[in-house]
Amino acid sequence: MPGRVAGKVALVTGAARGQGRSHTVRLAQEGADIIAVDICTPIFGSSAPPATPEDLAETADLVKALNRRVVTAEVDVRDYSGLKAVVDSGVEQLGRLDVVVANAGIANGGGSSLDQTTEEVWQATLDVNLGGTWKTVKACVPHLVAGGRGGSVILTSSVAGLKAYPNMGHYATTKHGVVGLMRAFAVELGQHMIRVNSVHPSHTNTPMVMNEITYRQFRPDLDNPGQDDIAGICQMFHTLPIPWVEPEDVSNAVLFLASDESRYITGVTLPVDGGSMLK
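Per an unreviewed UniProt entry, the chain goes by 3-ketoacyl-ACP reductase and derives from Mycobacterium nebraskense. UniProt, in the comment section headed Sequence similarities (unreviewed entry), describes the chain in these words: "Belongs to the short-chain dehydrogenases/reductases (SDR) family."

Laid out in structure tokens, this is it:
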């Protein structure tokens, strides 16, 4: 049977690992060819250890193992001219563009209140999470429109894009901003049958959450906390009895929004959150 996105080409940012890799592989499993983008270097304002060129190469190998084509590029989503060149080249090589997954983002687990957040952390988070998302879609829209086939744009926000949490106001601000971008793009691009939606994961089992800084933020009472030590606290955020979701859970939502199964769904904020929004 043909895949749910067979014959389509999808661009995914932050594709080297975590949710981005998972989205890339899930779309490839269902028939899409891929333009996979990641910065692959350390980035100020991120608590997670950086992705590497080897990580991005591994993502590409996973796509090739599914007999799908893949184009990779190491580029910063804050660099519009560089990003546009990558998108243009990828579309030239693969022939079209149908799906955009603007997933790249950073989080700083330092735990500062908004009034104590440094200007440098504020600006870095704003530039990547909000500016980088805008630039990604901006670079892709001409190809989506020129294709004349419509398309689907999926923006990665967060449950922190729908409600606030203490000591992560800079992150929540950018993820709320992503919802504004989503709705504005949905209104403007609807005439071209281009749909724009956002996904809102809760804690997800990726390096953005599973890192030493986050462990220490959640469990300052321990000398050397690890993943198991934060599970009980994370579970308290959810209605379902789970501490976090897996990247594949978010990828399944991304796949649905990318596919024609959601052909008349646009402007939607879709939580993948274990019921976090009910608390």
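## Quick word on the packing of aromatic side chains
Evaluated as defined, the whole model comprises 2 aromatic pairs. With a centroid separation of 5.8 Å and an interplanar angle of 45 degrees, the aromatic rings of Tyr165 and Phe237 are classed as tilted. You can see Tyr165 sitting in the loop between strand E5 (151-156) and helix H5 (169-189) and its partner Phe237 sitting in the loop between helix H7 (227-235) and helix H8 (247-258), a full 72 residues away along the chain. By relative accessible area, which is 17% here, Tyr165 ends up buried. Classification of Phe237 by relative accessible area gives partly exposed; the value is 25%. Ring geometry for Phe218 versus Phe237: centroids 6.5 Å apart, planes at 35 degrees, classification tilted. In this pair, Phe218 is assigned in helix H6 (residues 212-218) and Phe237 in the loop between H7 and H8, connecting sequence segments 19 residues apart. These aromatic residues form a ring-pair network of at least three members: Tyr165, Phe218 and Phe237. Taking the ring centre of Tyr80 as reference, the NZ or CZ of Lys138 above it sits at 5.3 Å.

## Concerning the side chain of Asp55
Secondary-structure assignment places Asp55 in helix H2 (residues 53-64). Although Asp55 lies buried, it forms no salt bridge, and the closest oppositely charged side chain, Arg21, sits 4.4 Å away as judged by the N-O distance. Setting aside residues up to four positions removed in sequence, Asp55 forms contacts with Ala16, Arg17, Arg21 and Pro50.

## Observations regarding the sheet that holds strand E2 (residues 33-38)
The strand order E3-E2-E1-E4-E5-E6-E7 describes an open sheet built from 7 strands, whose pairing is parallel. Two strands in the sheet have a free side with no partner beyond their single neighbour: strand E3 (70-74) and strand E7 (269-272). This sheet shows a mean twist of 15 degrees between the axes of neighbouring strands, independent of strand direction. Bridge count between strand E6 (residues 194-201) and E7: 4 bridges; the pairing is parallel. Looking across to E7, one finds that Val199 is bridged to Leu270. Along the sheet face, H2 touches E2 and E3 and points at about 170 degrees away from the line of E3. Strands in contact with helix H4 (residues 119-147) are strand E1 (9-13), strand E4 (99-102), E5 and E6; relative to E4, the strand with the most contacts, it is inclined by about 175 degrees.

## Quick word on the pattern of salt bridges
Taken as a whole, this structure holds 12 salt bridges when the rule is applied. Note that Arg26 and Glu30 form a salt bridge whose closest N and O atoms lie 3.4 Å from each other. Grouping residues by exposure puts Arg26 and Glu30 together as buried. The residue Glu212 makes a salt bridge to Arg216 at a minimum N-O spacing of 3.1 Å. With a gap of 4 residues between them, Glu212 and Arg216 both fall in helix H6, about one helical turn apart.

Rules behind the numbers
Numbering of residues starts from 1 in each chain and follows the order in which that chain's sequence is written. With pLDDT at 70 or above as the cut-off, local features in this predicted model cover only qualifying residues; side-chain atom pairs require 80 or more to be listed or tallied, and sums for whole chains, interfaces and linings still use all residues. Hydrogen atoms and water are omitted, and side-chain values are computed over all heavy atoms in the structure. UniProt positions are given in the numbering used here, feature names are shortened, and annotations may be inferred rather than shown by experiment. Pairing of aromatic side chains here covers Phe, Tyr and the six-membered ring of Trp, requires ring centres within 6.5 Å, and sorts the geometry by plane angle: under 30 degrees stacked, over 60 edge-to-face, intermediate tilted. For helices the rule is a DSSP run of H or I covering at least 4 residues; for strands it is a run of E covering at least 2, with both sets numbered from the N terminus onward. Each residue is assigned to one of three classes by its accessible area relative to the maximum for its type, calculated with a 1.4 Å probe on protein chains only: buried under 20%, partly exposed between the two thresholds, exposed over 50%. Charges are assigned to positions over rings by a cutoff of 6 Å between ring centre and Lys NZ or Arg CZ, combined with an angular limit of 35 degrees from the ring normal. Only four residue types enter the tally: Lys and Arg on the positive side, Asp and Glu on the negative side; His and the chain ends are excluded. The salt bridge criterion pairs a side-chain nitrogen of Lys or Arg with a carboxyl oxygen of Asp or Glu, the two atoms within 4 Å. Every residue pair with non-hydrogen atoms within 4.5 Å of one another is taken to be in contact. Strand pairing follows a simple DSSP-based rule, namely that at least 2 bridges must link the two strands. Only the stretch in contact is used when fitting a helix axis, every axis being a line fitted to C-alpha atoms; angles between N-to-C directions are given from 0 to 180 degrees.

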